[in-house]
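Residue-level structure breakdown
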Amino acid sequence: MKRGGVRFKINGHDYFNLVLVSNVAAASSIKSMDVKTSDSDTWAPMGRNLGANWQSLATLTGKMLSFRLTSIDGQTLVFNNIVPPGWTFGQTFASKLQF
């Protein structure tokens, strides 16, 4: 069992965002991940890059972000506004939610 919630570390550049998802409990490997910005009502799918890294080619820099994760067993969690506006690359954001 993991302690605490799922964590998101944002790396990359203005034109390429890479999000490392960590501290995922149990056998809940991530099957899919979506992102939504503060200026949109639409979820955009992210692509798996390598391991627990997920990428987006959308312009996300500086915007408030929400993530939606679906585990391999079909459970979906939504992390609303987990990343505040004005974030910078290299920061990690922790949630209170856990699979």
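A few points on the structure. (Residues numbered from 1 in each chain as written. Predicted model: local features only at pLDDT ≥ 70, side-chain atom pairs only at ≥ 80, totals over all residues. Heavy atoms only, no water.)

**Looking at unusual backbone geometry**
Note on backbone geometry: most residues besides glycine have negative phi, and most peptide bonds are trans. Put simply, the rule is: Helix numbers and strand numbers start at the N terminus; a helix is a DSSP run of H or I with at least 4 residues, a strand a run of E with at least 2. A simple rule labels every residue: compare its accessible area, found with a 1.4 Å probe on the protein chains alone, to the largest value its type can have, and call it buried under 20%, exposed over 50%, or partly exposed in between.
Positive phi, normally seen in glycine, also occurs at Asn23, with a value near 60 degrees. Examined against the element boundaries, Asn23 turns out to sit in the loop between strand 2 (16-22) and strand 3 (30-37). In this structure Asn23 comes out as buried when scored by relative accessible area, which is 12%. Phi angles above zero are rare outside glycine, and Asn81 is one such case at about 50 degrees. As for its placement among the helices and strands, Asn81 is situated in strand 7 (residues 76-83).

**Comments concerning the pattern of salt bridges**
Cut-off, in case you're wondering: For salt bridges, the criterion is a side-chain nitrogen of Lys or Arg within 4 Å of an Asp or Glu carboxyl oxygen.
Counted according to the given criterion, the structure contains two salt bridges. In this structure, Asp34 and Arg68 form a salt bridge, with 3.1 Å as the shortest nitrogen-oxygen distance. With Asp34 in strand 3 and Arg68 in strand 6 (residues 65-71), this pair connects stretches of sequence that are 34 residues apart. Between Lys63 and Asp39 there is a salt bridge whose closest N-O contact spans 3.4 Å. One end of the pair, Lys63, is in the loop between strand 5 (53-56) and strand 6; the other, Asp39, is in the loop between strand 3 and strand 4 (44-50), and 24 residues separate them in sequence. The class of Lys63 is partly exposed, set by a relative accessible area of 23%.

**Overview of the pairing of strand 3**
What counts here: Should DSSP find at least two bridges between two strands, the strands are regarded as paired.
Counting buried residues along strand 3, six of its eight residues qualify, which places the element largely inside the surrounding structure. Summarising the sheet, strand 3 and strand 6 pair through seven bridges and their orientation is antiparallel. Each residue of the ladder has a partner; that of Thr37, found in strand 6, is Leu65. Here strand 3 pairs with strand 4 via three bridges, running antiparallel. When the bridges of strand 4 are listed, Val35 appears paired with Ala44.

By themselves, these are just geometric observations and shouldn't be taken as functional.
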